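# Structure assessment
Okay, here's what each chain looks like letter by letter:
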Amino acid sequence: MKTDILLTTPIYERTQAVLEKEFNCHKLFAADDRAGFLKAVAPKVRGIASFGSSVDAALMDALPKLEIVSNFGVGVDSIDLAAAKKRGVIVTNTPDVLNDCVADTTLALALNVMRRFPQAETYLRSGFWGARGAYPLTTSLGGKTMGILGLGRIGEAIAQRAQAFGMKIQYHNRNKKDVSYVYARDPVALARASDVIVVVTPGGAGTRHIVDARVLDALGREGYLINISRGSTVDEAALLRYLQEGRIAGAGLDVFENEPNIDPRFFCLDNAVVLPHVGSATVETRTAMGNLQIENLRLHFAGKPVRTRVV
Ligand code: 8YV
């Protein structure tokens with residue numbers, strides 16, 4: 001007999017196809033009457049497969065048989081971990097398999113915002129090269145300092161790449177780590193010491209607006225901000241003001257406060273490179289993330305310990 005699980009949103013199609021083969025999947029996202037749907041499936045649902053969507057205490061309360069929430073993604077800021085812990089519900093995520101991909105995206109953002117490659121391509125496509133001459137000079141990465149805010153496993157993969165580009169590394173974490181990179185005591189000190197800061201912290205209440213006007217001031221007119229973490233980590237109103245007024249040099253952003261309907265002021269900024277949350281979005285990485293999400297569900301329902309437990 002197949003186990004009943006709830007899908008809160010559509011998942012990567014290859015992953016969802018496997019889930020639908022192995023489990024009785026109830027699609028909450030397709031239900032017109034959410035409360036009625038939950039009431040009908042509540043007696044059987046033992047697991048949730050989520051994809052960055054909200055899993056709050058009310059949803060857990062509506063599912064008294066719930067044993068596990070298996071998230072597709074490393075970030076679990078959309079899941080109420082305290083509520084899960086209180087109810088004895090296991091939460092899993094998909095760490096490590098996306099480190100390289102997200103680190104690649106980070107360096108691409110740094111290259112694009114500092115070297116202005118997207119703008120240079122638009123220049124060429126507009127016919128300006130022949131008409132106006134060479135594209136204006138830009139800024140090198142080599143020799144600059146990259147400040148990593150949140151040096152975890154993804155941060156390490158970013159640091160390795162940045163060093164290969166000739167950059168120096170500093171970092172800030174709540175606790176100093178046993179690494180050779182220079183430690184900055186707080187985000188302001190990190191920004192002051194860096195030409196580029198990269199936000200890699202987890203999202204959630206603890207890191208909300210960790211990059212605020214004070215950090216942007218410390219970064220300064222020549223400094224660049226890269227955010228591949230969560231939109232919530234940056235005070236977006238302040239960031240927009242600083243970009244519009246040229247009080248920082250530029251920003252490379254993969255995440256926003258209100259995804260996917262981001263603040264339209266970002267569309268008109270020439271000093272921002274903006275991506276639609278594609279940090280881990282390759283076939284290879286998404287397949288690996290999906291496989292880990294599935295494996296955690298399989299293991300749990302086979303009575304075995306899961307592989308990547310968060311709580
Ligand atoms: C996913 C991510 O795109 O892993 C994460 O936390 O941000 C991305 O890899 C995201 O989980 C989808 O919501």
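These figures come from a predicted structure and were not determined experimentally.

Ranked by internal contacts, the top residues of the largest apolar core, which has 44 residues, are Ile5, Leu19, Ile148, Ile158 and Ile228. Secondary structure elements with two or more residues in this core: β1 (4-7), α5 (99-115), β6 (145-149), α8 (153-164), β7 (168-172), β9 (196-199), β10 (224-227) and α12 (283-301). With seven residues, the top contributor of residues to this core is α5. Each of domain 1 (4-97 + 284-301) and domain 2 (99-274) contributes no fewer than three residues to this core. In this view, Leu19 contacts Ile5, Leu7, Ile11, Cys25, Ala49, Gln293, Ile294 and Leu297; residues no more than four positions away in its chain are not counted. Among the nonpolar cores identified, the runner-up in size contains 28 residues, and Val215, Leu239, Ile262 and Ala272 belong to it.

This paragraph deals with α12. Between its first and last C-alpha atoms α12 spans 27 Å; for 19 residues at 1.5 Å apiece the expected length is 27 Å, and the two agree. By the burial criterion, the buried members of α12 are Thr285, Arg286, Met289, Gly290, Leu292, Gln293, Ile294, Asn296, Leu297, Leu299, His300 and Phe301. Taken together, the buried residues of α12 touch β1, α1 (13-22), β3 (45-50), β4 (68-71), β5 (90-92) and α5. The first or second residue beyond α12 is Gly303, which carries a positive phi of 80°.

Attention now moves to the packing of α5 against helix α6 (residues 117-125). At their nearest, the axes of α5 and α6 sit 6 Å apart, and the two run at 55° to each other. Looking at the two axes, α5 sits oblique to α6. Every residue of α6 that contacts α5 at Leu111, Asn112 and Arg115 is listed here: Phe117, Pro118 and Gln119.

Rules and cut-offs
Residues numbered from 1 in each chain as written. Predicted model: local features only at pLDDT ≥ 70, side-chain atom pairs only at ≥ 80, totals over all residues. Heavy atoms only, no water. Core = buried A, V, L, I, M, F, W, Y, C linked by side-chain atoms within 4.5 Å. Buried < 20%, exposed > 50% of the residue type's maximum accessible area, 1.4 Å probe, protein only. Helix = DSSP H or I, 4+ residues; strand = E, 2+ residues; numbered from the N terminus. Domains from an automatic or database assignment. Contact = heavy atoms within 4.5 Å. Expected span 1.5 Å × (residues − 1). Axes fitted to C-alpha atoms, helices over the stretch in contact; angles between N-to-C directions. Parallel < 35°, antiparallel > 145°, perpendicular 65-115°, else oblique.

Without other data, these values stay purely geometric and don't point to any function.
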